[in-house]
Amino acid sequence: MAEDPIEEEAQRVFEALDSVEAMPDPLERARVIGRLLKDQAERSKRFTEYRRAVVLELRAQTPPVPYRRIATELGVSLGTVQDIERGAAKWTARKAKGDGQHGDTNDGRDDGAARGASEGN
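The rules behind each value
- Residues numbered from 1 in each chain as written.
- Predicted model: local features only at pLDDT ≥ 70, side-chain atom pairs only at ≥ 80, totals over all residues.
- Heavy atoms only, no water.
- Patch = residues over 30% accessible without salt bridge, like charges linked within 9 Å, V, L, I, M, F, W, Y side chains within 5 Å.
- Areas by Shrake-Rupley, 256 points an atom, 1.4 Å probe, with all protein chains shown as cover.
- Salt bridge = Lys/Arg side-chain N within 4 Å of Asp/Glu carboxyl O.
- Lys, Arg positive; Asp, Glu negative; His and termini not counted.
- Charge placed at Lys NZ, Arg CZ, Asp CG, Glu CD.
- Helix = DSSP H or I, 4+ residues; strand = E, 2+ residues; numbered from the N terminus.
- Core = buried A, V, L, I, M, F, W, Y, C linked by side-chain atoms within 4.5 Å.
- Buried < 20%, exposed > 50% of the residue type's maximum accessible area, 1.4 Å probe, protein only.
- Contact = heavy atoms within 4.5 Å.

*Asks:* I tried to follow a negative patch on the surface on my own but got confused; where do I start?
*Replies:* On the surface, Glu-3, Asp-4, Glu-7 and Glu-8 cluster together to form a negatively charged patch. Of note, Glu-3 is situated in the segment before α1 (5-21).

*Asks:* Is there a simple way to explain a nonpolar patch on the surface in this structure?
*Replies:* A surface patch of nonpolar side chains, amounting to about 330 Å² of accessible area, comprises Val-13, Phe-14, Leu-17 and Leu-36. Top contributing element to the nonpolar patch by residue count: α1, with 3 residues. Mapped onto the elements of the fold, Val-13 is located in helix α1.

*Asks:* What is the right way to look at the nonpolar core in this model?
*Replies:* Across soluble globular proteins, nonpolar side chains have a tendency to be buried as a group. Of all hydrophobic cores here, the largest spans 6 residues; its members are Val-55, Val-65, Ile-70, Ala-71, Val-81 and Ile-84. Breaking this core down by element, the ones donating at least two residues are α3 (67-74) and α4 (78-86). Apart from residues no more than four positions distant in its own chain, Ile-70 is found in contact with Val-55, Leu-58, Arg-59, Val-65 and Val-81.

In short, the description is geometric, and any link to function would need to be established separately.
See below:
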């Protein structure tokens, strides 16, 4: 049975990274790691935008492709697809529950209920 081409490509990248970790000379390994880290920081921004462009394109179709279908196709959670669509660069962009963000009143209600209470509804 033929392996998934996406998995094959990812596996090649992982094997290349593993070979860096296995480099016997610690100074050479550190230099290569430094170069990889610099490149990764720059490349990560591009990759994030590439992936977001795909999500936005799918959501712009008529009718929009459902979040759950996009999540399945990308191999991520529904919440991740929504974060990608909003432009959240990574999961750490989300605030933790109870930090006072996103309408959280720390009273155990969801955002909608907290807004309704604050608006006198």
